[in-house]
Amino acid sequence: MSTTVPALSTSKAGSPFERITLERRDLRPNDVRIDIRYAGICHSDIHQARDEWGVALFPMTPGHEIIGTVAEVGPDVTAHRVGDVVGVGCFVDSCLECEACRDGEEQFCSRGVVQTYAQKDYQGDVTYGGYSRGIVVRDHFVLKIPDGVDLAATTPLLCAGITTYAPLKRYGVGPGVKVGVIGMGGLGHVAVKIAAALGAEVSVLSRTDSKEEDGLAFGAEHYYATEDGSAFDRLADHFDVLVNTVGAGIPLDKFLGTLGRGGTMVNLGAPSDALEIPAFALLAMRRAVAGSMVGGLEQTQEMLDFCAEHGITATIELISADQVDEYYEKVVSGAVRYRAVIDTDTLGTAAS
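Residues numbered from 1 in each chain as written. Predicted model: local features only at pLDDT ≥ 70, side-chain atom pairs only at ≥ 80, totals over all residues. Heavy atoms only, no water.

Draft legend 1. Fine view of the sheet that holds strand E14 (residues 259–267). Taken together, the six strands give an open sheet; going across it, the order is E12-E11-E10-E13-E14-E15, and neighbouring strands pair in parallel fashion. The outermost strands of the open sheet, each flanked by one partner alone, are strand E12 (222–225) and strand E15 (288–291). Across the sheet, the mean angle separating the axes of adjacent strands is 20° when strand polarity is ignored. Looking at chain direction, strand E10 (residues 178–182) and strand E11 (residues 201–206) are connected through five bridges and run parallel. Bridge assignment links Gly180 to a residue of E11, and that residue is Ser203. (Pairing = 2+ DSSP bridges. Helix = DSSP H or I, 4+ residues; strand = E, 2+ residues; numbered from the N terminus. Axes fitted to C-alpha atoms, helices over the stretch in contact; angles between N-to-C directions.)

Next comes the structure, spelled out in structure tokens:
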């Protein structure tokens, strides 16, 4: 039987959110119905809701950082039971048959991974995300939340956690590795926590020193304000890995100059303008520029377990559904420290 749930929706690019009722699909044999408790606000939600990437589908209910409780399962579901606390991240389906899916990298599915919201699924229906009281998701894409964690503060890990964990693991971050985290916002502060827990020597490169106390408390050993440019001279040829978490353009030539021989800058942000990479900054020290987006389901579960083991959560502001428009502005201006999470109880009681 299908269910209806309260939700937030925006009708066109830049429009305020309105309260609506969403109808969630009937359970298929391998589906899980989840009563959502918390939904994180990701900067990509804002890009989509404002159609800044040019691919938005309206009306839109964003949200791909979701934690809730299993309310019902289909007859073929064995990994999840009613009452389990679970999470849903950035996508909710893939073919599970192509080479990427078989390798556990469902995000690169050759058929096309189905995003949690604002995309048509394989049946031609538009997906609607976590700014709601409930969702129905294929069981393979439902993650187990470890016992004993702060659920609200764990919610952003479903995107920010795996977005930073995946490249840190891929590029061998651990003891003896010098890591620079560019920007210490919603992504950056999680990157600092995870890189430090992996045993790396972590430095924050932020425009000003306003977050220095936080950066050091999160596990960084060094903090550099880059606004006046002097830090780039001091850090020449220094880092093994740079993680760029900034969603706007930065002076790539200056940051690339802080990489040592064979170092890599990994871009996680998605600015609307093209990245201009000076060739000689790469050639001089065999430097590389790479990109990364989230990780597959197996690695996401690994990340959740790692963060639980090391006591890592996002640092959050818990907000009500009526504050989402306000907090979109705060996220864009950098006024949120460091992620905003919606208490979905404030949407009201779910209807069956």
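Draft legend 2. Structural context of the pairing of strand E16 (residues 316–319). Pairing of E16 with strand E17 (residues 339–343) involves four bridges; the strand directions are parallel. Each bridged residue has a counterpart across the sheet, and for Ile316 the counterpart in E17 is Arg339. A crossover connection joins E16 to the parallel E17 through helix H11 (residues 324–333); in handedness this β-α-β unit is right-handed. (Right-handed = clockwise from strand over helix to strand, strands pointing away.)

Draft legend 3. Summary view of the nonpolar core. By size, the foremost hydrophobic cluster in this structure holds 65 residues, and its most contacted members are Leu168, Val173, Val179, Val192 and Ile194. Excluding residues within four positions of it along the chain, Ile194 makes contact with Gly161, Thr164, Tyr165, Leu168, Phe306, Cys307 and Ile312. Judged by nonpolar contacts, the second largest core, of 21 residues, contains Ile41, Ile319, Val324 and Ile342. (Core = buried A, V, L, I, M, F, W, Y, C linked by side-chain atoms within 4.5 Å. Buried < 20%, exposed > 50% of the residue type's maximum accessible area, 1.4 Å probe, protein only. Contact = heavy atoms within 4.5 Å.)

Draft legend 4. Structural detail: the packing of aromatic side chains. Per the stated rule, a full pass over the model turns up six aromatic pairs. Seen in terms of ring centroids, Phe17 and Tyr131 are 5.8 Å apart; in terms of plane orientation they differ by 55°. Their pairing is tilted. Of this pair, Phe17 sits in the loop between strand E1 (3–9) and strand E2 (18–24) while Tyr131 is found in the loop between strand E7 (114–115) and strand E8 (134–138), placing the two residues 114 residues apart along the sequence. Each member of the pair, Phe17 together with Tyr131, is buried. Three or more aromatic residues link up through ring pairs in this structure, and these residues are Phe17, Tyr131 and Tyr328. When the ring centre of Tyr122 is taken as reference, the NZ or CZ atom of Arg111 above it lies at 3.7 Å. Positioned above the aromatic ring of Phe218, the side-chain terminus of Lys193 is 4.6 Å from the ring centre. (Phe/Tyr/Trp six-rings, centres within 6.5 Å; stacked < 30°, edge-to-face > 60°. Lys NZ or Arg CZ within 6 Å of the ring centre and 35° of its normal.)

Draft legend 5. Quick peek at unusual backbone geometry. With an omega dihedral of 0°, the bond running from Phe58 to Pro59 counts as a cis peptide bond. Relative to the helices and strands, Pro59 resides in the loop between helix H1 (43–49) and strand E4 (66–73). One non-glycine residue, Leu96, lies in the positive phi region at around 60°. For Leu96, a relative accessible area of 27% puts it in the partly exposed group. Positive phi values are uncommon outside glycine, yet Asp237 reaches one of about 60°. Mapped onto the fold, Asp237 is located in the loop between helix H7 (230–234) and strand E13 (239–244).

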